[in-house]
Amino acid sequence: MVSQTLEHLHDVPRALRGLWGRLKPGGFLFASCPALSIPHMEPFHFASFTPTGLAAALEASGFEVAELGLWGNADYARQLFATRAWPSFRDLAQPVENDPMVPAGVWALAMRPLE
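Residues numbered from 1 in each chain as written. Predicted model: local features only at pLDDT ≥ 70, side-chain atom pairs only at ≥ 80, totals over all residues. Heavy atoms only, no water.

Details of the sheet that holds strand β3 (residues 64-72)
The sheet built from 4 strands is open, its strands ordered β1-β2-β4-β3 with mixed pairing. The outermost strands of the open sheet, each flanked by one partner alone, are β1 (2-3) and β3. (Pairing = 2+ DSSP bridges. Helix = DSSP H or I, 4+ residues; strand = E, 2+ residues; numbered from the N terminus.)

Considering unusual backbone geometry
The omega torsion across Gln94 and Pro95 is -5 degrees, close enough to zero to call that bond cis. Mapped onto the fold, Pro95 is located in the loop between α3 (74-83) and β4 (103-111). A positive phi angle is found at Gln4, which is not glycine, with a value near 55 degrees. For Arg84, which is not glycine, the phi torsion reads 55 degrees and is therefore positive. By the element assignment, Arg84 lies in the loop between α3 and β4. Judged by its relative accessible area of 54%, Arg84 is exposed. (Buried < 20%, exposed > 50% of the residue type's maximum accessible area, 1.4 Å probe, protein only.)

A word on the nonpolar core
Membership of the largest hydrophobic core comes to 15 residues, with the highest contact counts inside it found for Leu6, Leu16, Phe49, Leu54 and Leu58. At the level of secondary structure, the elements contributing two or more residues to this core comprise α1 (12-22), β2 (28-34), α2 (51-60) and β4. Ranked by size, the runner-up nonpolar core spans 7 residues in total, among them Ile38, Tyr76, Ala77 and Leu92. (Core = buried A, V, L, I, M, F, W, Y, C linked by side-chain atoms within 4.5 Å.)

All quantities given are derived from atomic positions and should not be read as evidence of function.
Put into structure tokens, the structure is as follows:
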């Protein structure tokens, strides 16, 4: 599992190929990344991902994408940029609903193919 990590790596394809090589055939990798973020951990924050971009990076590294998803919310995006801090779910208007038109984070479940 790589959670909120890939965007901090200088060479994402190289890292994914390394993870692919450490998984047994049929093994799974779960990756989550921001689609929307604020500057942080400079100079070690290099990218954000769309669902298609994350899937393309995984597939280019040899993985098969089993599932792909995203989460986002307009209230979350407004607060993120207004406060320049990540809002907690308690800070958001309730109920907190996913709005795929305002993606904040993406995730993928990918598999090293059986050989």
